[in-house]
Amino acid sequence: MSITLGKRLAQIDAMVTTDYAHIWDCCCDHGLLGARLLSRRVAGCIHFVDQVPELMHTLEAKLQRFFAQASPGAQPVPGTLLSPAWQIHCIDAAALPLQQYPAKHLVIIAGVGGELSMQLVEAIVNKHPAADIDFLLCPVQHQFALREQLIRLNFGLRREALIEENRRFYEVLLVCSPATKDQSCTRISAVGEHIWQAASNAQTKTALAYLEKTLSHYQRIQRGKGANVQHIIQAYQGVTVSPLSVSGQ
């Protein structure tokens, strides 16, 4: 199965580690990200989740063809090279059956709006308050509101990244849920911290362009008097993009 990821999905893929027994690729569409994770053998089972039956039937046929060595739902033996298992779930992502798999989970929600991302995160946490869950989130909009919700729900931050693809900017957040007892998680900033710390000239350019675009967006909203977003404007006005400290890179 040929797996070619764009910059957004490649960044998400790069932030997935082998710390999880089950990874849930929600709103998976054609399943490219989940297939890449399968090929990397990063977890015991990759779960493909989407509500569109036609997509899931087509995806299941492809997985059976290209990952036939992994019996759907079978658990690989720890310490062996047996390929990871996979499962198809044609359900609402808010109804993930995490209780059937008592282990550490990673729930990926990407490519959907920030409002839906917020609804899904809250629904999953409310349904499984004691579960050990990390979330990998990449909303297409409403990043500030999503971050505020995560702060309100007492989430912690593992990693965050900023990328640009096809003239659109994306924040990628790897966060831990309140039930996760992990001291490595740090506080979440409403506007982000690490995404403004550029490690190259290209990243500096991306961060500056994203900051300008974000400020312009909220300033237009404020001028239109559709909502009072002055606190958001002030928060982003306080952001400083760290310049590249080593020349020539």
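This one's a predicted model, so the numbers in the text were calculated from it and none came from an experiment.

Draft legend 1. Focus on the sheet that holds strand β6 (residues 156-165). Pairing within the open sheet is mixed, and its seven strands lie in the order β3-β2-β1-β4-β5-β7-β6. Each edge of the open sheet is held by one strand with a lone partner, namely β3 (85-89) and β6. Strand-to-strand twist across the sheet, computed as the mean angle between neighbouring axes with direction ignored, equals 15 degrees. Set on the sheet, helix α3 (residues 53-66) makes contact with β2 (43-49) and β3; between it and β3 the angle comes to about 165 degrees.

Draft legend 2. Layout of the state of the cysteines. Inspection of the entire model under this criterion finds one disulfide. Paired by a disulfide, Cys 176 and Cys 185 hold their sulfur atoms 2.1 Å apart. Across the pair, Cys 185 and Cys 176 agree in class, each one buried. Between Cys 28, a free cysteine, and Cys 27, which holds the nearest cysteine sulfur, the sulfur-to-sulfur gap is 8.2 Å.

Draft legend 3. Expanded view of helix α2 (residues 32-40). Regarding α2, the residues found buried are Leu 33, Gly 34, Ala 35, Leu 37 and Leu 38. If you follow the buried residues of α2, they end up packed against α1 (7-14), β1 (20-26), β2, α3, β3 and β4 (105-110). After α2 finishes, the residue Arg 41 shows a positive phi value of roughly 55 degrees.

Draft legend 4. Layout of the pairing of β1. β1 sits mainly inside the fold: six of its seven residues count as buried. When β1 meets β2, the two strands line up parallel, connected through six bridges. Each residue of the ladder has a partner; that of Ile 23, found in β2, is Ile 46. You can see the chain leave β1, run along α2 and come back into β2, and the turn it takes is right-handed. As paired elements, β1 and β4 share five bridges and run parallel to each other. The partner of Cys 26 across the bridge, within β4, is Ile 109.

Draft legend 5. Spotlight on the environment of Cys 138. For Cys 138, the position within the fold is in strand β5 (residues 133-138). Separated by 20 residues in the primary sequence, Cys 138 and Arg 158 have C-alpha atoms spaced 14 Å apart. Excluding anything up to four places from it in sequence, Cys 138 contacts Arg 8, Ile 12, Ile 109, Ala 110, Gly 111, Val 112, Tyr 170, Glu 171 and Val 172.

Draft legend 6. Region of interest: the environment of Leu 106. Take Leu 106: it is sitting in strand β4. Put simply, Leu 106 and Ala 21 are 85 residues apart on the chain and 8.2 Å apart in space, counted from C-alpha to C-alpha. The residues contacting Leu 106, other than those within four sequence positions of it, are Val 16, Tyr 20, His 22, Ile 23, Trp 24, Asp 134, Phe 135, Leu 136 and Leu 174.

Reading guide: rules and limits
Residues numbered from 1 in each chain as written. Predicted model: local features only at pLDDT ≥ 70, side-chain atom pairs only at ≥ 80, totals over all residues. Heavy atoms only, no water. Pairing = 2+ DSSP bridges. Helix = DSSP H or I, 4+ residues; strand = E, 2+ residues; numbered from the N terminus. Axes fitted to C-alpha atoms, helices over the stretch in contact; angles between N-to-C directions. Contact = heavy atoms within 4.5 Å. Disulfide = S-S within 2.5 Å. Buried < 20%, exposed > 50% of the residue type's maximum accessible area, 1.4 Å probe, protein only. Right-handed = clockwise from strand over helix to strand, strands pointing away.

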